[in-house]
Amino acid sequence: MINSADNDKLKTIRKLQQKRWRTKLGLFSAEGEDLIAAAAAAGREPEFVLRSGIDVEPELLAAVSTLGSGTRVIGVYRQRWADPSGDLLVYLHGVEDPGNVGTIIRSAHALADATVVLGPGTADPYSPKAVRASMGSIFAKAPARATLDALNGHKIALSATAERHFGEVEVTRPVVLVMGSERGELPEGAAAEGGLEAVRIPVHADSLNVAMAATVALYEVAHRMAADG
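A brief look at the structure comes next.

Comments concerning the overall build of the protein chain
Scanning the protein chain for helices and strands turns up 8 helices and 9 strands. For 229 residues, the compact-globule estimate of 2.2 N^0.38 gives 17 Å, and the C-alpha radius of gyration of the protein chain, at 19 Å, lies within 12% of that figure. Structurally, the protein chain occupies a C-alpha span of about 60 × 35 × 35 Å along its principal axes. With 229 residues in all, the protein chain has 48% of them scored as buried. Considering only intrachain contacts with a sequence separation of at least 6, the fraction spanning at least 24 residues in the protein chain is 78%.

Digging into helix α5 (residues 98-112)
For α5, with 15 residues, the first-to-last C-alpha span of 21 Å sits near the 21 Å given by 1.5 Å per residue. Buried residues belonging to α5 abut β4 (88-92), β5 (115-118), α6 (128-134), α7 (137-140) and α8 (210-228). One side-chain oxygen of the residue at the start of α5 lies 2.6 Å from the amide nitrogen of G99, identifying that residue as D97. Among the residues trailing α5, D113 stands out with phi positive, at a value near 50 degrees.

Some details on the sheet that holds β4
The 6 strands lie next to each other as β6-β5-β4-β8-β7-β9, forming an open sheet whose pairing is parallel. Two strands in the sheet have a free side with no partner beyond their single neighbour: β6 (144-145) and β9 (196-199). Note: strand β7 (residues 154-158) against strand β8 (residues 175-179), 5 bridges, orientation parallel. Along β8, the bridge assignment pairs H154 with V175. Against the sheet, α8 contacts β4, β7 and β8, and its axis sits at roughly 165 degrees relative to β8.

As for a positive patch on the surface
The grouping of K11, R14, K15, R20 and K24 at the surface amounts to a positive patch. Those elements that provide at least two residues to the positive patch are α1 (8-15) and α2 (19-25). Ranked by residues supplied to the positive patch, first place goes to α1 with 3 residues. Among the structural elements, R14 can be located in helix α1. Look at R14 and you get partly exposed, because its relative accessible area is 32%.

Considerations on the side chain of S29
Inspection of the secondary structure puts S29 in strand β1 (residues 27-31). Assessed through its relative accessible area of 7%, S29 is described here as buried. In this structure, S29 is in contact with L16, I74, G75, V76 and V131, ignoring residues within four places of it in sequence.

Points about the nonpolar core
Within the largest apolar cluster, 44 residues are counted, with the highest numbers of intra-cluster contacts made by L92, F166 and L177. The element that contributes the greatest number of residues to this core is α8, accounting for 8 residues. Look past the residues within four positions of F166 in its chain and what remains in contact with it is I156, L158, L177, V199, R200, I201, A217, E220, V221 and R224. L16, L27, F48 and V56 belong to the second largest nonpolar core, which has 13 residues in total.

Calculation notes
Residues numbered from 1 in each chain as written. Predicted model: local features only at pLDDT ≥ 70, side-chain atom pairs only at ≥ 80, totals over all residues. Heavy atoms only, no water. Helix = DSSP H or I, 4+ residues; strand = E, 2+ residues; numbered from the N terminus. Rg over C-alpha atoms; globule rule 2.2 N^0.38 Å. Buried < 20%, exposed > 50% of the residue type's maximum accessible area, 1.4 Å probe, protein only. Contact = heavy atoms within 4.5 Å. Expected span 1.5 Å × (residues − 1). Polar contact = N/O pair within 3.5 Å; in protein donor to acceptor, adjacent residues only side chain to side chain. Pairing = 2+ DSSP bridges. Axes fitted to C-alpha atoms, helices over the stretch in contact; angles between N-to-C directions. Patch = residues over 30% accessible without salt bridge, like charges linked within 9 Å, V, L, I, M, F, W, Y side chains within 5 Å. Areas by Shrake-Rupley, 256 points an atom, 1.4 Å probe, with all protein chains shown as cover. Salt bridge = Lys/Arg side-chain N within 4 Å of Asp/Glu carboxyl O. Lys, Arg positive; Asp, Glu negative; His and termini not counted. Charge placed at Lys NZ, Arg CZ, Asp CG, Glu CD. Core = buried A, V, L, I, M, F, W, Y, C linked by side-chain atoms within 4.5 Å.

Right under this line is the structure:
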């Protein structure tokens, strides 16, 4: 059993709390039984797993946890990146909150088995907060990386200031849902370049946050695509 804070595995977990080390090592950590079980269900083998009281002294594992209450298990996994292809993609531009990124990955997987594509200025999907928010979908549906102009398909941008609402737009496969930052900013010049159709989701409040808007849009598009066969 590990009983020293200088253990290499504990050092690795501490390093993975920083993006530069996640990028350099190509690894990320996942905390809690549910995430470890989700990884196993997706067929993902860990680099290593540390269990409190079995593999490591509980206080040492708690010291490297990103959870305020500590954790009973932490697994370290290799990052995977998908190709940005498929009938439905969700492109994120400048979505800086990792919790929103993880939630969108979860919604895309659950509602449409769709791939989330990370554009410029978007938070790291393999950060601890994003991994937790994905609720295990990060293992089943790896994210992709690309620029918007590299993606082909009917590009539909969600914007609170758009004149047309979602129900007025005909959806043509393949579809790229374009989500801007939490402030609703879309890629500069994208609309002027053509091929980007801006729509809004009618709401009674001022707006929806980006994760909520993406979830609604994913449900709508997936429902239409299923109806069209």
